[in-house]
Structure formats: C-alpha cells, structure tokens
Amino acid sequence: MDRRPRSFYVLSAVFVLFVLFLYGPILTIGILSFQGPQGGLTFPMNGVSLHWFRDLFQEQAVGDIWGAFRRSLVLGLLVMVTTVVVSVMAGLAFRKRFAGSGLLFYAAITSLVIPSILISLGVGLIFNQLGLKIHWATSGFGSQLTWTLPFGLLIMFAVFNRFDKSYEEAARDQGATAWQTLRHVVLPIIAPSLIGVALFGFTLSYDEFARTLLTAGSYNTLPLEIFGMTTNVTTPVIYALGTLTTAFSFVIIAVFLVSVWVIGRRRARHGSDAGKAA
Amino acid sequence: MAAHFLKNRHMLGWVQATPLTLVLLAFLIAPIVMIVIVSFWGATEFSIYPAFQFDNYEFLFSSPVTYRVFGNTLKYALITWALTLVIGFTVAYYLAFHIRSQTMQIALFLLCTIPFWTSNIIRMISWIPFLGRNGIANQTLISWGVIDEPLEWLLYSDFSVILAFVHLYTLFMVVPIFNTMMRIDRSLLEAARDNGANGLQTLMHVIIPLTKPGIMIGTIFVVTLVMGDFITVRFMSGSQRANVGRLISNDIGLLQYPSAAATAVVLLGTVLIVIAILLRFVNIRKEL
C-alpha cells in the first residue's frame, strides 16, 4: 500500500466536518431534550431530567401525538407494501420496452420533480369538487405514492440494469414457465433490493409532509402534528418528540440494513450464487 | 386466448405497468389537469366558481411581487445548487477515490445517506438551538471574542434558509455523483498518471467529465426540491422571506384556490423548462 497523499488528510478533515454538519444539530436537540423542567430551548442545560419525555405521554400537554404516530405507522406500512408491489411490477414491465414506456417513464420522473405543493393542492381540489372526503388513508395515501413510487422505480431500474439475463434463460431452458421463472429465479435474486425499496417506501411516507399537508384531512399524520407544534409549543417537549421519532427512524433503518446484511451472509454461507449477478 | 394475449410483449408490459399508470393518472396527471382548469376559475371570499377567465394570470403577471418572489426562488436554487455541488462532489470524491476498503466505503456512504430517511421537519427544528439569539453559534463567537453582541441574521434570514437547504439536500448530490464515480474505470486514472498528469489535471480532465451525468442528476434533484419548497423557507425565515411555494401556500390559506392554481401552473412550467434543459445533458435511465 503506497503512502497517502496529503490531499487524503485534507479531504478526511472535510468529510468529518460534513458528518458533524449532518448529525450535529440532531445530536444537540437529543441532548437538549433532557433539559430540566425549568430549562429553555437553548443551552445552558438547566439540570437533567426526563420531564419533557414524560410530558409526551400526557395528552393535554401536546395534543394527539400518539394518535398521529399510529396513523403515520399504518400509513407508512400501507405505502411500503404498495410501493414494493407496484415498483416491482413496473420494473418488470419496463424491461419489456413496451410501446409507450417512454411516456410512462417521463410521467414517473415528473412525479418525482413536481413541486410537492402541486400534488397537495391538486388532489385536494379534486376531492373537494367530487365531494369526496379527504382522509389520510385515501387522498393522503395516493399523494404519498407519487413521492415513493418514483424512488422505487429508479431502484428497480438500477437492479435490472445489473441483472444477468442468463439466469432466466437457464430457467426457461429447463422448462420453467414465465411465472415459475419469476417466482423461483428473479424474485429471490432481487430480494435484497426489495428490502431497499421497502425502506424507501416506509421512511419517505413516515416523514412525508408537503404532499400530505392538504390531503390528510382532519386527522394529522405525525409530521403534520409536529409542524403544528412548532408554531405554538415553545418548550423542549418538541425536542423530546423530535428525539423520539428520530430514534424510531434510526431503529427502522437499522432493522432494514441488518436484514439486507443477514440475507447476504446467509447466501454466502449456503454457497448460493443467487443475487451475485455481476 | 388470454395466454396468447399475454405473450405479446407490449400487452404484458402494459398489464404489469397498470398499477403504476393508475396511481400516476389519479394522483399526478389528474391533479395537474385540475390545477390548470381551476387556474381559470374565479373566487369570492368564501368560495370558488367555474369560469374561463384570465384574471388570475393577469393579476399574477402584473404584480411586482411575483417577479420578486420568482427571482428570490431562483436565487435560493442557484446558491443552494452551487454549495451542494461543491460539498457533494468533494464528499463523493473522497468516498470513491480515497477510501480503499469496500466495507469502509459502504459504511461511510450509509453514514451520509441515513439522514435522508429521517424527518426534514425535525432536521429543521434542530437548527434552532444552534442559530438562535442565545444559540450555540452566538455563545461560542462571543466567548471567543469574535463578536460583542449576538448576530441577528443567523436565524430567520436568507442565511438560515440556505443553510437548511444545504443541510437537507446535499445528499441528493452525494449519492448520484458517488454512483457515477464508482463506475469510472480505474485504469483511466492510471493511464492519466502514466502520461504525467498530476492529481489536479486528472481531476479536471478525467474525473469531472466522466462524472457529469451524476452531477446532472444531483442538479435536477436539488434545483427542483428547492424551487418547489415552501416549508423550509417559511420555517427557517420565520415567515420573513418569500418564495413561489409560499406564495401558493399563502393563497391556499386564504382559500384563493384559483390564484394559487395559476401561480402553481407558472411554477410547474418554470421547473419543467429547467428540467428539460438539464435532461438534454443526461440519459437518466442509462445512468442508474
């Protein structure tokens, strides 16, 4: 191994600063959420306590955050499952280069880059004019899909661009039907990527704000509830909530990443070459 | 009959793409069409009524506020783009070319992307203890003797808005640029070195040109996210700064949907023009 150039040390320092920039603020509110009961929104710490976390469990102090959390959780799971299924189907479809696929692709890209407030406004208007009730599980659910599906689709493109078609040909040569090939060859190979799609589906939905704003109806999701709190809550209880929901996100991310890693390990141990398309 | 029908590549393709198509039709295309229609409607103080009039657009284009706010939006987009590009490129370059162990590379890459999967609102809130009048930044600067009085422009200013944008969106640059860099054939770098290029020359004449597709994809993300934003500007400027998104959301708050829709149509047009220009430089599907 040759000697590291000087630029390596400079860039390492830059990278460390970048990571501090990314995580510094969230660590700070993590610390500040343990403020004493008299403590304010900034340092210095006025004692250390769990006071603000206890506050979270008293409805009159913070409104219906647990209801909001439950709704966000259910919605996140709904969006996650739908995103995985729809993205995989669409990913398979795009491999066939069917007529009109270019148009659909551009629609998906538009869905990704369109200013979120347009989705919020447009879906809200349609539901109003049709006399439908706006609800997080209907209008909110559909609006969030416009954000998660393009990510799912892009991941599927990345997966199928690296997919070795000879596995499928081998299966077909041995007499597998199209469905058997999909079920026993293609899906197992792409399974770890599907966990990635699921991670995007759940977390993007769980944290979604702009597209849910006008489409959630009278029952708020958690990000909407938190945003409502920012205008009228001036105590560290909002930090406690931020810390808790971020910790929850970290746990979810860890679960997904660990399961990808475990699947990889298990495959290596069983000597299967599934998934090693490259 | 059905089996024969599904043997056709195009037919099977459309069947598999049906769920995606339906979602996009119902929640993307229809809302856009609806917004375009409503942008010609009229509004009273409490309700909106169908019409075909250009009043909303006339008002929009005759108001000096519109131009100022669009200018401000482009300013945010441009500054944020430049900063995220420099930071994102540097980070991606470091990860791709200076980290030698693949495990380490994946670990550090994940470290950079994890915040993407957490809440933007919380990430904005978490700047308050830093930037506030009695926040960490002011306290530190005062204790160092750099300033005597707290700086007022740290929070609720253009500065805090752009800081938050950079904080939220730099990883949209890091990920695509890193992805493109990882696909650069390392022997090209060796060839450059063998021919006597120094590090900077290799960077300028080999790495940057080959990284352009990643830069373009990152640019599309950052520019559209900033241009379409309304919440970061509202929150980080304490409602003291405006961009197009806020203009729309204010109209929505006042139930002036037709006016909001007209602004939204112009915003969408602007964003799509920017994208169309950027897409001329890159084929997204090939770059994934």
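The shown structure was predicted, so the numbers you read here are calculated from the model rather than taken from an experiment.

Basis of the calculations
- Residues numbered from 1 in each chain as written.
- Chains lettered and ligands numbered in written order.
- Predicted model: local features only at pLDDT ≥ 70, side-chain atom pairs only at ≥ 80, totals over all residues.
- Heavy atoms only, no water.
- UniProt positions renumbered as here; feature names shortened; annotations may be inferred.
- Helix = DSSP H or I, 4+ residues; strand = E, 2+ residues; numbered from the N terminus.
- Axes fitted to C-alpha atoms, helices over the stretch in contact; angles between N-to-C directions.
- Contact = heavy atoms within 4.5 Å.
- Nonpolar A, V, L, I, M, F, W, Y, C, P; charged D, E, K, R; others polar.
- Phe/Tyr/Trp six-rings, centres within 6.5 Å; stacked < 30°, edge-to-face > 60°.
- Buried < 20%, exposed > 50% of the residue type's maximum accessible area, 1.4 Å probe, protein only.

### Section: the UniProt feature "transmembrane region" (unreviewed entry) in chain A
Here is step 1: Under the present numbering, the feature "transmembrane region" (unreviewed entry) in UniProt falls on residues 7–34, 73–94, 103–127, 147–164, 185–206 and 237–263 of chain A.
Here is step 2: The straight-line gap between the two end C-alpha atoms of residues 73–94 of chain A is 31 Å; of that span, 100% is helix and 0% is strand.

### Considering the UniProt feature "domain: ABC transmembrane type-1" (unreviewed entry) in chain A
Here is step 1: On the UniProt side, "domain: ABC transmembrane type-1" (unreviewed entry) is annotated at positions that read residues 69–256 of chain A here.
Here is step 2: Helix makes up 79% of residues 69–256 of chain A and strand 0%, whereas the separation of the span's terminal C-alpha atoms amounts to 20 Å.

### Some details on the packing of helix 1 (residues 6–32) of chain A against helix 5 (residues 102–113) of chain B
Here is step 1: At their nearest, the axes of helix 1 of chain A and helix 5 of chain B sit 10 Å apart, and the two run at 40° to each other. Across the interface between the two elements, Phe15, Phe18, Val19, Leu22 and Tyr23 of chain A from helix 1 of chain A touch Leu108, Leu111 and Cys112 of chain B from helix 5 of chain B.
Here is step 2: Across the contact of helix 1 of chain A with helix 5 of chain B, the residue classes break down as eight nonpolar, no polar and no charged.

### Quick notes on the packing of aromatic side chains
Here is step 1: The tally for this structure, following the rule as stated, stands at 40 aromatic pairs over all chains.
Here is step 2: Ring geometry for Tyr93 of chain B versus Phe97 of chain B: centroids 5.3 Å apart, planes at 50°, classification tilted. Placement of the pair is Tyr93 of chain B and Phe97 of chain B together in helix 4 (residues 64–98), with a separation of four residues, close to one helical turn. One exposure class covers both Tyr93 of chain B and Phe97 of chain B, and it is buried.
Here is step 3: Taken together through their ring pairs, the aromatic side chains of Trp147, Phe151 and Phe200 of chain A together with Tyr76, Phe116, Trp117, Phe165, Tyr169, Phe172 and Phe221 of chain B make up a single cluster.

### A short note on unusual backbone geometry
Here is step 1: In this structure, Arg97 of chain A is a non-glycine residue whose phi angle is positive, near 45°.
Here is step 2: Tracing the backbone through its elements, the reader meets Arg97 of chain A in the loop between helix 4 (65–95) and helix 5 (101–113).
Here is step 3: You will see that Leu255 of chain B, though not glycine, has its phi angle at about 60°, which is positive.
Here is step 4: Within the fold, Leu255 of chain B resides in the loop between helix 13 (244–253) and helix 14 (257–279).

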